[in-house]
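# Chain and residue survey
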Amino acid sequence: MESQKTRTLSQAKRIVVKLGSHVVTHDDHSLNEELFDWLAKDVAWLHSKGIEVAIVSSGAVAAGLGRLGLVSPPATIPEKQAVAAVGQLNLLRHYGEVFAANDLIVGQVLLTRDDFANRRRYQNARNTVITLFKKGVVPIINENDTVVVDEIKFGDNDNLSAMVANLIEADCLIIFSDVEGLYNKDPKESRDARLLHLVEKVDDVVEG
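Let us look at the structure shown here. (Residues numbered from 1 in each chain as written. Predicted model: local features only at pLDDT ≥ 70, side-chain atom pairs only at ≥ 80, totals over all residues. Heavy atoms only, no water.)

### Description of unusual backbone geometry
Short version of the rule: Every helix listed is a DSSP run of H or I at least four residues long, and every strand listed is a run of E at least two residues long, numbered separately from the N terminus. Each residue's exposure class comes from its accessible area (1.4 Å probe, protein chains only) as a fraction of the maximum for that residue type: buried when under 20%, exposed when over 50%, partly exposed otherwise.
Phi angles above zero are rare outside glycine, and His 29 is one such case at about 75 degrees. Along the chain, His 29 turns up in the loop between α2 (21-24) and α3 (33-48). On the accessibility criterion, His 29 (17% relative accessible area) is buried. With a phi close to 55 degrees, Glu 169 is a non-glycine residue in the positive phi region. Here Glu 169 lies in the loop between α8 (157-167) and β5 (172-176).

### Let's talk about the packing of helix α4 (residues 60-68) against helix α5 (residues 77-100)
The test is simple: Only the stretch in contact is used when fitting a helix axis, every axis being a line fitted to C-alpha atoms; angles between N-to-C directions are given from 0 to 180 degrees. We call two directions roughly parallel when the angle between them is under 35 degrees, roughly antiparallel when it is over 145, roughly perpendicular when it lies between 65 and 115, and oblique otherwise. Note on contacts: a residue pair qualifies if any of its non-hydrogen atoms lie within 4.5 Å across the two residues. Put simply, Ala, Val, Leu, Ile, Met, Phe, Trp, Tyr, Cys and Pro go in the nonpolar bin, Asp, Glu, Lys and Arg in the charged bin, and everything else, Gly too, in the polar bin.
At a minimum axis separation of 6 Å, α4 and α5 run at an interaxial angle of 90 degrees. By the angle class used here, α4 and α5 are roughly perpendicular. Contacts between α4 and α5 involve Ala 60, Val 61, Ala 63, Gly 64, Leu 65, Arg 67 and Leu 68 from the first element and Lys 80, Val 83, Ala 84, Val 86, Gly 87, Gln 88, Asn 90 and Leu 91 from the second. Looking at side-chain class alone, the contact of α4 with α5 contains nine nonpolar, four polar and two charged residues.

### Describing the pattern of salt bridges
To keep things clear, this is the line we draw: Salt bridges are identified by distance alone: a Lys or Arg side-chain nitrogen within 4 Å of an Asp or Glu carboxyl oxygen.
In this structure the tally under the stated criterion is five salt bridges. Here Arg 121 ties to Asp 115 by a salt bridge, and the two come within 2.8 Å at their closest N and O atoms. You can call Asp 115 buried: its relative accessible area is 13%.

### Quick word on the sheet that holds strand β3 (residues 105-111)
Here is the rule we go by: Between any two strands, pairing holds if DSSP finds at least two bridges.
With respect to topology, five strands assemble into an open sheet ordered β3-β4-β2-β1-β5, the strand pairing being parallel. Because the sheet does not close on itself, it has two edges, and the strands there are β3 and β5. Between one strand and the next, the sheet's axes are offset by a mean angle of 25 degrees, whatever the strand orientation. Pairing analysis gives two bridges linking strand β2 (residues 52-57) to strand β4 (residues 137-143), with the strands arranged parallel. Counterpart to Val 56 in the pairing with β4 is Ile 141. Along the sheet face, α5 touches β1 (14-19), β2, β3 and β4 and points at about 155 degrees away from the line of β3. With respect to the sheet, helix α7 (residues 119-134) is in contact with β1, β2, β3 and β4, its orientation differing from that of β4 by roughly 150 degrees.

Listed below in structure tokens is the structure:
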């Protein structure tokens, strides 16, 4: 019998894919070449089926550390933003090259929480992504680390990807992470943490 998850994927016409920093980069902060190659091929296949894909990509800071030959994460916000500026360029250049090898064009979209709070900027962001889709371009979306401060941070790109999915009315959000999935409690702190394969209702367990 076909599962709800399988039905959702098979019927989706617009998908948001979120990639975590530990997925995009290795422990030494070098870019995960195998991941990029696999992703580009899969997105090209989805495009051939008429499915639109937007990618929310973490990894700017990690990629910046690797590009600058740094080992430890920056200690201050200006340092983090400077490293992110270097890493974002390196990250997008790599997306562009690998996707071009699969006859795909990528476009960069950088957002802050303010862009979702202001109606006009929200509409502009939506119109930009939809127009990129119409032109056959794959939007690569990230938080604008070089200008963001704590008051307007998304918290993490999981939150950003969920907001982007709502922004563009996506049918499906797929999150790739070094964590297996959603648990009923933190698996790093509780050995009896249970993986939730399907969430049909957002209750206290899910929110907790």
